[in-house]
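Survey of secondary and tertiary structure
One-letter residues, chain by chain:
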Amino acid sequence: MARVYDNRKRILVTGGAGFIGSHLIDRLLEQGHEVLCVDNLFTGTKRNIDHLHNHPRFEFMRHDVTFPLYIEVDEIYNLACPASPVHYQHDPVQTTKTSVHGAINMLGLAKRLRAKIFQASTSEVYGDPSVHPQPEDYWGHVNPIGPRSCYDEGKRCAETLFFDYHRQHGLEIKVARIFNTYGPRMHHADGRVVSNFIVQALRGEPITIYGDGSQTRSFCYVDDLVDGFIRLMESATSVTGPVNLGNPGEFTMLELAEKVIQSTGSSSKIVFQALPQDDPKQRRPDISLAKKTLDWEPTVALDQGLGWTVDYFTKLLSDMAHG
Ligand code: NAD
Ligand code: UDP
């Protein structure tokens, strides 16, 4: 259910043309706020915000967050960063810069404006975890020099910056550790498992499982996640996070492939390919803290959310086929 702020605010969403950011913007506009979307369109697309083109309270600015930004807003959601391994490994130096320089620039902006600022952190801060499920006080098991490090260490450093600005400058911060999220507006070619499997199934192509498919992930539907974002942003000043946001249902990639085949009615066969280096073997959020402090937990079951996501990709692939 959408929750309503007391007053209209002017809100900056960085990475707002991306998958999660565009859903967050829809929700903030629904609540009556003004939204400024800042994005360099590296992995995001104007298609995700096309429907807002003539919205009187929406503005788009093409800008790279690794450069300073001088604007006036009341609140900031910092989501800018490529999120899929294929995308963030494409230009790893830029990925670290986006997380670290981007955080410094957005925190500097928040400091000047005395604005509350939200950080989209990630379950990747736990690396390939040796504690299961992962609570927020687990410090993680991260390779600092591997192919995923640009993202994992960049996001870890961003968290450090958020907490140092909080301690040193008294900034009001809200840090969410997001676990695998899926839904409409995921990029069809970003290589993430849900989009890959659905697109492969709809095209009748083989479904590519990396490794033996026994690794696990927990998948949260995007509407549930956005609800968690807003509850965290609205929470008492003393609630800084980090707080895990994700769906605790845990599935192997083999189970996910079977669900996608069932949901699409596809005749695709499963094929096995090499497991990428440092691929986490298991992942599931401990969401006790979010339940307690935000009264939040996901409501959308994987089968239901997959169905809606399949509907989205069915239409997208048909639109793409017809130009
Ligand atoms: P996405 O790739 O769809 O969106 C990221 C957006 O950031 C894109 O629109 C991209 O163009 C923009 N961007 C990238 N670099 C930028 C830069 N230097 N300047 C300005 N804009 C830039 O990914 P998403 O899934 O929507 O993820 C959003 C945020 O949530 C990211 O910070 C990501 O790390 C975090 N997150 C996502 C997941 C998930 O499962 N989707 C999980 C954990 C964390
Ligand atoms: N994966 C897979 N086939 C694919 C894409 C991904 O088996 O076509 C696996 C991948 O190796 C990982 C899991 O699915 O174990 C989730 O991958 P994703 O890239 O979506 O997210 P992350 O690894 O960052 O959680």
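Computed from a predicted structure; not experimentally measured.

**Re the overall build of the protein chain**
Scanning the protein chain from terminus to terminus reveals nine helices and 13 strands. Over its C-alpha trace the protein chain gives a radius of gyration of 19 Å, about what one expects of a compact globule, namely 20 Å for 323 residues. Here the C-alpha coordinates of the protein chain stretch approximately 55 × 45 × 40 Å along the principal axes. For the protein chain, with 323 residues in total, the buried portion stands at 56%. Counted over contacts in the protein chain with a minimum sequence separation of 6, partners at least 24 positions apart contribute 81%. Counting 33 positive and 39 negative side-chain charges, the protein chain places the centres of these two groups 3 Å from one another.

**Focus: the site of ligand 2**
The local shell around ligand 2 holds 18 residues, among which V193, T208, R217, D279 and R283 are the closest. Between R148 and ligand 2, the recorded distance is 3.0 Å, taken from a side-chain N or O atom to an oxygen atom. One nitrogen or oxygen atom from the side chain of N196 is found 2.8 Å from an oxygen atom belonging to ligand 2. Here ligand 2 loses 95% of its free accessible area of 520 Å² to cover by the protein chains. When grouped by side-chain class, the residues that make up the shell around ligand 2 number seven nonpolar, five polar and six charged.

**Observations regarding the packing of aromatic side chains**
Applying the stated rule across the entire model yields nine aromatic pairs. Measuring from ring centre to ring centre gives 5.9 Å for Y126 and Y138, while their planes differ by 20°; the resulting arrangement is stacked. With a gap of twelve residues between them, Y126 in the loop between β5 (116-122) and α4 (149-169) and Y138 in the loop between β5 and α4 connect regions that are remote in the sequence. With respect to class, Y126 is no different from Y138; both count as buried. Centre to centre, the rings of Y182 and F219 are 6.5 Å apart; their planes meet at 85°, and the pair counts as edge-to-face.

**Considerations on the site of ligand 1**
If you check the shell around ligand 1, you find 30 residues, and the closest are D39, T43, L79, Y151 and R192. Interatomic distance of 3.0 Å between a backbone N/O atom of G18 and an oxygen atom of ligand 1. At 3.2 Å from a nitrogen atom of ligand 1 is found a side-chain nitrogen or oxygen belonging to T98. Bound to the protein, ligand 1 loses 96% of the 830 Å² it would expose on its own. Listed by contribution, the elements that provide at least two residues to the shell around ligand 1 are α1 (19-30), α3 (92-113), β5 and α4. The element that contributes the greatest number of residues to the shell around ligand 1 is β5, accounting for three residues. Grouping the amino acids of the shell around ligand 1 by side-chain chemistry returns 14 nonpolar, twelve polar and four charged.

**A short note on the confidence of the model for the protein chain**
Mean pLDDT for the protein chain: 96, with 98% of residues reaching 70 or above. pLDDT under 50 marks residues 1-5. Its contacts with residues more than four places away, or in other chains, come to 18 contacts.

**Remarks on the packing of α1 against helix α6 (residues 222-234)**
Here α1 crosses α6 at 60°, and the two axes come no closer than 10 Å. In this structure, α1 meets α6 at a crossing whose hand is right-handed. Between α1, through F19, I20, H23, L24, R27 and L28, and α6, the contact on the second element is made entirely by V222, D223, L225, V226, D227, F229 and I230. Looking at the contact of α1 with α6, its residues break down into nine nonpolar, one polar and three charged.

**Quick notes on the side chain of E124**
Position of E124 relative to the elements: it lies in the loop between β5 and α4. Among residues more than four places away in sequence, those in contact with E124 are Y88, V142, R148, Y151, D152, P280 and R283.

The rules behind the values
Per chain, residues are indexed from 1 in the order of the written sequence. Both sets of labels track the order of writing: A upward for chains, 1 upward for ligands. Reporting of local features is limited, given that this is a predicted model, to residues whose pLDDT is at least 70; pairs of side-chain atoms are given and counted only at 80 or more, and all residues count toward the totals for whole chains, interfaces and linings. To obtain the side-chain values, all non-hydrogen atoms of the structure were used and water was disregarded. Numbering goes from the N terminus for both helices and strands, where a helix is a DSSP run of H or I of at least four residues and a strand is a run of E of at least two. Our radius of gyration is a C-alpha quantity, and the globule rule it is checked against amounts to 2.2 Å times the number of residues to the power 0.38. Three labels apply to residues, based on accessible area from a 1.4 Å probe with only protein chains included: buried if under 20% of the type maximum, exposed if over 50%, partly exposed otherwise in between. Any two residues having at least one pair of non-hydrogen atoms within 4.5 Å are treated as being in contact. None of His or the chain ends enter the tally, which takes Lys and Arg as positive and Asp and Glu as negative. Note on charges: their place is set at NZ of Lys, CZ of Arg, CG of Asp or CD of Glu. Residue proximity to a molecule or strand is established when one non-hydrogen atom of the residue lies within 4 Å of it. Polar contact criterion, stated in full: a pair of N or O atoms within 3.5 Å, where within protein one must be able to donate a hydrogen and the other to accept it, and residues adjacent in sequence count only if both atoms are side-chain atoms. What sets the accessible areas is the Shrake-Rupley method with a 1.4 Å probe; for residues, cover comes only from the shown protein chains. As a working rule, the residues Ala, Val, Leu, Ile, Met, Phe, Trp, Tyr, Cys and Pro are called nonpolar, Asp, Glu, Lys and Arg charged, and the rest polar, with Gly in that last group. Ring geometry is summarised as follows: Phe, Tyr and Trp rings, the Trp one being its six-membered ring, pair when their centres sit within 6.5 Å, and such pairs are stacked at plane angles under 30 degrees, edge-to-face over 60 and tilted between the two. Confidence scores labelled pLDDT are given residue by residue by the predictor and lie between 0 and 100. Throughout, an axis means a line fitted to C-alpha atoms (over the contacting stretch in the case of helices), and angles, computed between N-to-C directions, take values from 0 to 180 degrees. Note on convention: the crossing is left-handed when the near helix lies turned anticlockwise from the far helix by less than a right angle, right-handed when the turn is clockwise.

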